[in-house]
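A closer look at the structure
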Amino acid sequence: MLGIGINVHQSEFPRGLATPATSLDLASGRRINRQTLLVALLKSVEREARALSHPAAAGELLERAERASTWIRGRKVQVHGPQACEGLTAGLDENGFLRVQTAHGLVTVQTGGLREKS
């Protein structure tokens, strides 16, 4: 099962959240149309699902994710959750989970929150 949550129109969030939150409206400075967003999201998910039917797709997907993200490699982070740790992001494993190089070794983060560590 897969689930995502997207804050679209929220203009404020409760104080004291463990991880700062934002919404698409706040981040973009304009009002986002939910229907347009949903259609674009579903088309993207369909395109990716079709691409995954090809034998080499999983590796290509991981490579694309690494190229597109500034968080996957070389970012100092603090992980909250079952695999709580601090360290430097060290890429994705073969299943797409984030790896973090800590002072005690390599940790594969399967769930939890991620925050930049200064």
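Right, let's walk through the structure included here. (Residues numbered from 1 in each chain as written. Predicted model: local features only at pLDDT ≥ 70, side-chain atom pairs only at ≥ 80, totals over all residues. Heavy atoms only, no water.)

1. Brief notes about the pairing of strand β3 (residues 98-102)
To be explicit about the condition: Any residue under 20% of the maximum accessible area for its type is buried, any over 50% is exposed, and the rest in between are partly exposed; the area is computed with a 1.4 Å probe on protein chains only. For the purposes of this entry, the term helix denotes a DSSP run of H or I that reaches at least four residues, the term strand denotes a run of E that reaches at least two, and both are numbered from the N terminus. Two strands pair if DSSP finds at least two bridges between them.
Residues Leu 98, Val 100 and Thr 102 line the buried face of β3, whereas the alternating positions Arg 99 and Gln 101 sit on a face that is not buried. Sheet topology note: the strand β2 (residues 85-92)/β3 ladder contains three bridges and is antiparallel. Residue pairing in the sheet places Thr 89 in a bridge with Val 100 of β3. In sequence, β2 turns back onto β3 through a hairpin of five residues, with Gly 96 there showing a positive phi of about 90°. From the end of β3 to the start of strand β4 (residues 105-109), which pair antiparallel, there are two residues.

2. Remarks on the sheet that holds β2
Threshold: Lines fitted to the C-alpha atoms define the axes, with helices restricted to the stretch that makes contact. Angles between their N-to-C directions range from 0 to 180 degrees.
Taken in spatial order, the five strands line up as β4-β3-β2-β1-β5 in an open sheet, and their pairing is antiparallel. Both outer strands of the open sheet, β4 and β5 (113-116), are each paired with one neighbouring strand and no more. Going across the sheet, the axis of each strand differs from the next one's by a mean of 45°, ignoring polarity.

3. What to know about the layout of surface pockets
Let me state the cut-off plainly: In this analysis, the protein atoms alone were mapped onto a 1 Å grid. Cavities are point sets where a 1.4 Å probe fits without being able to get out; pockets are open sets with protein on both sides within 12 Å along at least five of seven lines; lining residues have an atom within 4 Å of a point. Grid points are joined across faces, edges and corners, and a volume is the space filled by probe spheres set on the points. Any residue outside Ala, Val, Leu, Ile, Met, Phe, Trp, Tyr, Cys, Pro, Asp, Glu, Lys and Arg is labelled polar, Gly included; the first ten of those are nonpolar and the last four are charged.
The calculated volume of the second largest pocket comes to roughly 180 Å³. Taken together, Ala 65, Trp 71, Ile 72, Leu 92, Gly 96, Phe 97, Leu 98, Val 109 and Leu 114 make up the lining of the second largest pocket. Looking at side-chain class alone, the lining of the second largest pocket contains eight nonpolar, one polar and no charged residues.

4. Some remarks on helix α2 (residues 34-51)
Here is the rule: Here, expected helix span is obtained from the residue count minus one, scaled by 1.5 Å. N or O atoms within 3.5 Å of each other form a polar contact, as long as, within protein, one can give a hydrogen and the other can take it, and as long as residues adjacent in sequence are counted only when both atoms are side-chain atoms.
Here α2 contains 18 residues, and its C-alpha end-to-end distance of 26 Å stays within 8% of the 26 Å for a straight helix at 1.5 Å per residue. Where α2 begins, one side-chain oxygen reaches toward the backbone nitrogen of Gln 35, 2.9 Å away; that side chain belongs to Asn 33.

5. What about the pairing of β2?
In terms of burial, β2 is a largely internal element, six of the eight residues being buried. Sheet topology places strand β1 (residues 73-80) next to β2; five bridges connect them, and they run antiparallel. Note that in β2 the partner of Val 79 across the bridge is Cys 85. Where β1 folds back on β2, the antiparallel hairpin that results is connected by four residues, among which Gly 81 adopts a positive phi of roughly 130°.

6. A look at the nonpolar core
This is how it is decided: For our purposes a nonpolar core is just a set of buried Ala, Val, Leu, Ile, Met, Phe, Trp, Tyr and Cys residues, chained together by side-chain atoms within 4.5 Å. Working rule for contacts: check all heavy atoms of both residues, and any pair within 4.5 Å makes them a contact.
Residues Ile 72, Val 77, Val 79, Cys 85, Leu 92, Leu 98, Val 100 and Val 109 constitute the largest nonpolar core, which totals eight residues. Those elements that place two or more of their residues in this core are β1, β2 and β3. When neighbours within four sequence positions are excluded, Val 77 is seen to be in contact with Trp 71, Cys 85, Glu 86, Gly 87, Thr 89, Val 100, Leu 114, Arg 115, Glu 116 and Lys 117.

7. So, the pattern of salt bridges
The condition is simple: The working definition used for a salt bridge is a side-chain nitrogen of Lys or Arg within 4 Å of a carboxyl oxygen of Asp or Glu.
Overall, the coordinates contain six salt bridges when judged by the stated rule. Measuring nitrogen to oxygen at the nearest pair gives 3.6 Å for the salt bridge that ties Arg 31 to Asp 25. Assessed through its relative accessible area of 61%, Arg 31 is described here as exposed. Where Glu 116 meets Arg 75, a salt bridge forms, and the shortest distance between an N and an O atom there is 3.2 Å. Taken together, the residues span a long stretch of sequence, with Glu 116 in strand β5 and Arg 75 in strand β1 at a distance of 41 residues.

8. Thoughts on the side chain of Arg 75
Judged by its relative accessible area of 17%, Arg 75 falls in the buried class. For Arg 75, the side chain forms a polar contact with the side chain of Glu 116, separated by 3.2 Å. Beyond its immediate stretch of four places on either side in the chain, Arg 75 contacts Thr 70, Gly 87, Leu 88, Thr 89 and Glu 116.

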